[in-house]
Amino acid sequence: MTDLTEDPLYRDPDLAQFYDLTNQWWVDFDYCTSLASNAASVLDLGCGTGELAVALAQGRRVIGVDPAAAMLEVGRNRPGGDKVTWVQADARTVRLDERFDLVLLTGHVFQVFLTQEDQKAALATIATHLNPNGRFIFDSRNPRLRTWEGRNRHNSLHQLEHPQLGTIEAWNEPTYDEATNILTYENGYRVLATGQAFSASAQIRYTSQEELAASIAASELVVETWLGSWEGDPFYPEAKEIIPIGRLA
Ligand SMILES: C[S@@+](CC[C@H](N)C(=O)[O-])C[C@H]1O[C@@H](n2cnc3c(N)ncnc32)[C@H](O)[C@@H]1O
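This is a predicted model, so every value here is computed, not measured.

Undergrad: Break down the packing of aromatic side chains for me, with residues and values.
TA: Scanning the entire structure with this criterion turns up 7 aromatic pairs. A ring pair is formed by Trp148 and Tyr206, whose centres lie 4.8 Å apart and whose planes are at 65°; its orientation type is edge-to-face. One end of the pair, Trp148, is in the loop between strand 6 (140–141) and strand 7 (158–162); the other, Tyr206, is in the loop between strand 10 (197–205) and helix 8 (209–217), with 58 residues separating them in the sequence. Each residue in the set Phe110, Phe113, Phe136 and Phe138 is aromatic and connected to the rest through ring pairs, giving one cluster. For the cation-ring pair, Arg153 lies above Trp171, with the distance from its terminal atom to the ring centre recorded as 4.0 Å.

Undergrad: Any chance you could break down the domain arrangement of the protein for me, citing the residues and the numbers?
TA: Here the protein is described as being made up of domain 1 (8–143 + 207–248) and domain 2 (145–205). Just the C-alpha atoms count here: the centres of domain 1 and domain 2 sit 23 Å apart. On the side of domain 2, 21 residues touch domain 1, which itself brings 24 residues to the contact. Here domain 1 and domain 2 share an interface that buries about 1,900 Å² over both sides, 64% of which is from carbon and sulfur atoms. There are 1 salt bridge connecting domain 1 and domain 2.

Undergrad: Residues and numbers for the site of the ligand, please.
TA: Close contacts around the ligand come from 18 residues, with Tyr19, Gly46, Asp66, Ala91 and Thr106 the closest. With respect to the ligand, the backbone of Gly46 contributes an N or O atom lying 2.7 Å from a nitrogen atom. Contact between the ligand and Asp66: an oxygen atom at 2.6 Å from a side-chain N or O atom of the residue. Starting from 590 Å² of accessible surface for the ligand in isolation, the protein chains cover 95%. Residue composition of the shell around the ligand, by class: 12 nonpolar, 4 polar and 2 charged.

Undergrad: Explain the side chain of Glu211 to me, and be specific about the residues and the numbers.
TA: Of note, Glu211 is situated in helix 8. Separated by 2.9 Å, the side chains of Glu211 and Gln116 make a polar contact. Beyond its immediate chain neighbours, meaning those up to four positions away, Glu211 contacts Gln116, Gln119 and Arg205.

Undergrad: Mind laying out the pattern of salt bridges, listing which residues take part and the relevant values?
TA: Close approach of charged atoms allows side chains of opposite charge to pair. Considering all chains together, one arrives at 11 salt bridges under this definition. Its salt-bridge partner being Asp90, residue Arg92 comes within 2.5 Å of it at the nearest N-O pair. With relative accessibility at 6%, the residue Arg92 sits in the buried group. Two residues, Glu224 and Arg135, come together in a salt bridge whose shortest N-O distance is 2.8 Å.

Undergrad: Which residues make up the nonpolar core, and what values go with them?
TA: Core analysis: the largest hydrophobic core is formed by 28 residues, its most contacted members being Leu45, Val65, Ile126, Phe138 and Leu221. Looking at this core, the elements that each hand over two or more residues are strand 1 (41–45), strand 2 (61–66), strand 4 (100–105), helix 7 (116–128), strand 5 (130–138), helix 8, strand 11 (221–227) and strand 12 (241–248). Here the element with the most residues in this core is helix 7; it accounts for 4 residues. Setting aside its immediate chain neighbours within four residues, Leu221 contacts Leu123, Ile126, Ala127, Leu130, Phe136, Ile216, Arg247, Leu248 and Ala249. Residues Ala39, Val54, Leu56 and Trp86 belong to the second largest nonpolar core, which totals 23 residues.

Undergrad: Which residues make up the sheet that holds strand 10, and what values go with them?
TA: Strand order in this open sheet of 4 strands is 7-8-9-10, and the pairing throughout is antiparallel. Two strands close off the open sheet at either side, each with one partner strand: strand 7 and strand 10. Neighbouring strand axes in the sheet, compared pairwise and without regard to direction, differ in orientation by 30° on average. Bridge count for strand 8 (residues 166–177) against strand 9 (residues 182–191) is 10 bridges, and the pairing is antiparallel. Looking at the pairing, Glu173 lines up with Glu186 of strand 9.

Undergrad: Outline the layout of surface pockets, listing residues and values.
TA: Empty space within the second largest pocket amounts to approximately 180 Å³. Around the second largest pocket, the lining residues are Gln116, Gln119, Lys120, Leu123, Ala124, Ser215, Ala218, Ser219 and Glu220. For the lining of the second largest pocket, the residue count by class is 3 nonpolar, 4 polar and 2 charged.

Undergrad: Before we move on, can you summarise the packing of helix 7 against helix 8 with the specific residues and values?
TA: It is at 10 Å that the axes of helix 7 and helix 8 come closest, and there the two elements cross at 50°. Relative to helix 8, helix 7 is oriented oblique. Viewed along their axes, helix 7 and helix 8 form a crossing whose handedness is right-handed. Together, Gln116, Gln119 and Leu123 of helix 7 and Glu211, Ser215 and Ile216 of helix 8 make up the contact between the two elements. Class assignment for the residues of the contact of helix 7 with helix 8 results in 2 nonpolar, 3 polar and 1 charged.

Criteria and cut-off values
- Residues numbered from 1 in each chain as written.
- Predicted model: local features only at pLDDT ≥ 70, side-chain atom pairs only at ≥ 80, totals over all residues.
- Heavy atoms only, no water.
- Phe/Tyr/Trp six-rings, centres within 6.5 Å; stacked < 30°, edge-to-face > 60°.
- Helix = DSSP H or I, 4+ residues; strand = E, 2+ residues; numbered from the N terminus.
- Lys NZ or Arg CZ within 6 Å of the ring centre and 35° of its normal.
- Domains from an automatic or database assignment.
- Contact = heavy atoms within 4.5 Å.
- Buried area = accessible area lost by both parts, 1.4 Å probe.
- Salt bridge = Lys/Arg side-chain N within 4 Å of Asp/Glu carboxyl O.
- Near = heavy atom within 4 Å.
- Polar contact = N/O pair within 3.5 Å; in protein donor to acceptor, adjacent residues only side chain to side chain.
- Areas by Shrake-Rupley, 256 points an atom, 1.4 Å probe, with all protein chains shown as cover.
- Nonpolar A, V, L, I, M, F, W, Y, C, P; charged D, E, K, R; others polar.
- Buried < 20%, exposed > 50% of the residue type's maximum accessible area, 1.4 Å probe, protein only.
- Core = buried A, V, L, I, M, F, W, Y, C linked by side-chain atoms within 4.5 Å.
- Pairing = 2+ DSSP bridges.
- Axes fitted to C-alpha atoms, helices over the stretch in contact; angles between N-to-C directions.
- 1 Å grid on protein atoms, 1.4 Å probe; cavity = no way out; pocket = protein on both sides within 12 Å on 5 of 7 lines; lining within 4 Å.
- Points joined across faces, edges and corners; volume = space filled by probe spheres on them.
- Parallel < 35°, antiparallel > 145°, perpendicular 65-115°, else oblique.
- Left-handed = near helix turned anticlockwise from the far one by under 90°.

Laid out in structure tokens, this is it:
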């Protein structure tokens, strides 16, 4: 099993504080909120800073799992954070001795699993925690779009507003390995007022829909619907996202 929990992008409190600034377009948020409407319990694997977990915890039991203490700390401290049960653990190995009506991974968490073995372990965790009538959902970016091509430090440079630090300059530089389908990317941030700079590299794996379908078919799960976007469009070969929704086989 590969070691993912050391990824400084999420582990370092200095970097975790930038996560919510760079991820403000929550289309997955709306879809998952609607999917959870009939769920009495939700397991959010790789919950990060917990914005979705906290929103879903209004009126239902929600457990948020993430290996990064710095991300969980942001979640715990947000308004409503006390309504979520936060568990510091790895989605590949966590066993909670409890089943849920909805198990979800949003924000492309599934892509942090860098090998088929890791993906298989994550699928087993989903299956172990699903109620007989429960549903799972997760997202993975479609490698066919090759969205990393042409992106570099210079053309990805943009500005963000941090509530305490003021204007931040942010950039992202990817390198794709065709042999492993692993994208290594470096995220950089610079506080304009002080010149203070932070950067860290992270890795994610791109999996084709065909490979993902085969992995799920080999697990204890079955897919009922494949979406191609969080707006709810069906999957097609050039779709932006690969989003399986399913249940126990
Ligand atoms: C891009 S963030 C997504 C967070 C959140 N789900 C969202 O939608 O904003 C990826 C998250 O995956 C977490 N992560 C990394 N390795 C993990 C693992 N093995 N198990 C569970 N989560 C993991 C990271 O700590 C980080 O919080």
